[in-house]
Amino acid sequence: MGAVPKHRISPRRKAKRRTHYKLQPVALVRCAHCEAYHRPHHMCPTCGTYRGIEIIAIED
Ligand SMILES: [Zn+2]
């Protein structure tokens, strides 16, 4: 026996469930080094640093 649905979900119930689905705004934090915005837990693409220290080479 598998986990097989016993009943078809009605269109209304499906729509109700999907009212909780929404797009989240893109998370951004301020770079400690150059103050540009970048994604949290990611290297800053503007100056190539992460948490203000690790320098990973940025040309130009
Ligand atoms: Zn930066």
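Residues numbered from 1 in each chain as written. Predicted model: local features only at pLDDT ≥ 70, side-chain atom pairs only at ≥ 80, totals over all residues. Heavy atoms only, no water.

## Points about the overall build of the chain
Here is the rule: Under the DSSP-based scheme used, a helix requires at least four consecutive residues in state H or I and a strand at least two consecutive residues in state E, with every element numbered from the N terminus. Summary of the burial criterion: residues with accessible area below 20% of their type's maximum are buried, those above 50% are exposed, and those between are partly exposed, where the area comes from a 1.4 Å probe applied to protein chains only. Each accessible area is a Shrake-Rupley result for a 1.4 Å probe, and residues are judged covered by the shown protein chains and nothing else. Charge counting treats Lys and Arg as positive and Asp and Glu as negative, with His and both chain ends excluded. Throughout, a charge is located at the NZ atom of Lys, the CZ atom of Arg, the CG atom of Asp or the CD atom of Glu.
In terms of helices and strands, the chain carries 1 helix and 4 strands. Beginning at the N terminus, the succession of helices and strands in the chain can be written as α-β-β-β-β. Within the chain, the proportion of its 60 residues that are buried is 10%. For the chain, the computed accessible surface area is about 6100 Å², with 56% contributed by carbon and sulfur atoms. Counting 12 positive and 4 negative side-chain charges, the chain places the centres of these two groups 39 Å from one another.

This is a description of form; function is not addressed.
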